[in-house]
Amino acid sequence: MITRFISWLRSLASAFWREVAKFGTVGAVAFVVDNGLTWFFMHSIMEGSPAKARFAGATIATIFSWVANRWWTFRHRRQSNVAREFTQFILINGVGIFISTGFTWIARYPMGITDNGTLFMAGVVGIGVATIVRFLAYRYWVFNAVPADKAVEDAMELTLHPERQPAESVPEPGKPRSEPVAEPGKALKPQAEQ
């Protein structure tokens, strides 16, 4: 019993850390997209509007992030209702964008910082805080569908532990098997003939 519990706990931790690693990879790319575009906007078409530049970069990175998380990170947990999932994702990213933009806004206006490098770093700190909020929300609210059929659960188990084969159903003691079993070396006859 304890061995099974420990094995279950290890497989759960393994699956969780795989999601964290994939989420981190998607997040790293989105981070580059977000900050690259923000830096570009702050030094070109949105010069003098650092909060707007951060908002625009974060919005484009959010669209990339939804596609990558839906089809890669949480592909086995995505909802069947795409519109609902996308709405939840946008809502959570709205909170994330508000956090990262808020850090930039606080640095610029209440604190009076005008240096673009410092304002940029304030947004990076905000992204760090927003990332934690996003992962927890994606994992437990947005991409929360549980595989419904046994085949999907078996496939997930084999993905986590390829050395295992799905267990055959064994009847409880005192209960007959629902399907006849052939003895070694003898052919199985149809039930009607038995």
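Higher on the page you've got the structure.
Treat the numbers as computed from the prediction; the structure is a model and nothing was measured.

Participant: Any chance you could break down the nonpolar core for me, citing the residues and the numbers?
Facilitator: By size, the foremost hydrophobic cluster in this structure holds 10 residues: Phe-23, Trp-66, Phe-74, Phe-89, Ile-92, Phe-135, Ala-137, Tyr-138, Val-142 and Phe-143. Within the residue set of this core, elements represented by two or more residues are helix H3 (82–108) and helix H4 (116–142). A total of 4 residues in this core trace back to one element, the largest contributor, which is H4. Setting aside chain neighbours within four positions, we find Phe-143 in contact with Trp-66, Asn-69, Arg-70, Phe-74, Arg-77, Arg-78, Glu-85, Phe-89 and Tyr-138.

Participant: Explain H3 to me, and be specific about the residues and the numbers.
Facilitator: Taking 1.5 Å per residue as the helical rise, H3 with its 27 residues ought to reach 39 Å, and the 38 Å between its terminal C-alpha atoms agrees with that figure. One side-chain oxygen at the N-terminal end of H3 lies 3.3 Å from the backbone nitrogen of Ala-83; it belongs to Asn-81.

Participant: Can you explain the side chain of Thr-62? Please cite residues and give values.
Facilitator: Topologically, Thr-62 is positioned in helix H2 (residues 50–73). In terms of polar contacts, Thr-62 uses its side chain to reach the backbone carbonyl oxygen of Ala-58, at 2.7 Å. Among residues more than four places away in sequence, those in contact with Thr-62 are Phe-89, Ile-90, Asn-93 and Ile-97.

Participant: Now, about the pattern of salt bridges: what can you tell me, with residues and values included?
Facilitator: For the coordinates displayed, the defined rule picks out 3 salt bridges. Across the salt bridge formed by Arg-139 and Glu-19, the nearest N and O atoms sit 2.6 Å from each other. In this pair, Arg-139 sits in helix H4 while Glu-19 sits in helix H1 (residues 2–42), placing the two residues 120 residues apart along the sequence. A residue is classified by how much of its surface remains accessible, and Arg-139, at 11% relative accessible area, is buried. A salt bridge links Asp-34 to Arg-54; its shortest N-O distance comes to 3.4 Å. Here Asp-34, found in helix H1, pairs with Arg-54, found in helix H2; they are 20 residues apart in sequence, far enough to count as distant. Considered together, Asp-34 and Arg-54 belong to a single accessibility category, that of buried residues.

Participant: Residues and numbers for the packing of aromatic side chains, please.
Facilitator: In the structure shown here, the tally under the stated rule is 11 aromatic pairs. Grouped by ring-pair contacts, the aromatic residues Phe-23, Phe-74, Phe-89, Phe-135, Tyr-138 and Phe-143 constitute a single cluster. A cation sits over an aromatic face here: Arg-70 above Trp-71, 5.1 Å from the ring centre. Against the face of Tyr-140 rests Arg-139, its NZ or CZ located 5.3 Å from the ring centre.

Participant: A description of the environment of Asn-93 should follow, citing residues and the corresponding values.
Facilitator: Tracing the chain through its elements places Asn-93 in helix H3. With relative accessibility at 2%, the residue Asn-93 sits in the buried group. For the pair formed by Asn-93 and Thr-131, sequence separation is 38 residues and the distance between their alpha carbons is 9.5 Å. Not counting chain neighbours up to four residues away, the residues in contact with Asn-93 comprise Thr-62, Arg-134 and Tyr-138. A distance of 2.8 Å separates polar atoms of two side chains, one belonging to Asn-93 and the other to Arg-134.

Participant: Tell me about the side chain of Thr-73, and name the residues and values.
Facilitator: Examined against the element boundaries, Thr-73 turns out to sit in helix H2. We classify Thr-73 as buried; its relative accessible area is 1%. In terms of polar contacts, Thr-73 uses its side chain to reach the side chain of Asn-69, at 2.9 Å.

How each quantity is defined
- Residues numbered from 1 in each chain as written.
- Predicted model: local features only at pLDDT ≥ 70, side-chain atom pairs only at ≥ 80, totals over all residues.
- Heavy atoms only, no water.
- Core = buried A, V, L, I, M, F, W, Y, C linked by side-chain atoms within 4.5 Å.
- Buried < 20%, exposed > 50% of the residue type's maximum accessible area, 1.4 Å probe, protein only.
- Helix = DSSP H or I, 4+ residues; strand = E, 2+ residues; numbered from the N terminus.
- Contact = heavy atoms within 4.5 Å.
- Expected span 1.5 Å × (residues − 1).
- Polar contact = N/O pair within 3.5 Å; in protein donor to acceptor, adjacent residues only side chain to side chain.
- Salt bridge = Lys/Arg side-chain N within 4 Å of Asp/Glu carboxyl O.
- Phe/Tyr/Trp six-rings, centres within 6.5 Å; stacked < 30°, edge-to-face > 60°.
- Lys NZ or Arg CZ within 6 Å of the ring centre and 35° of its normal.

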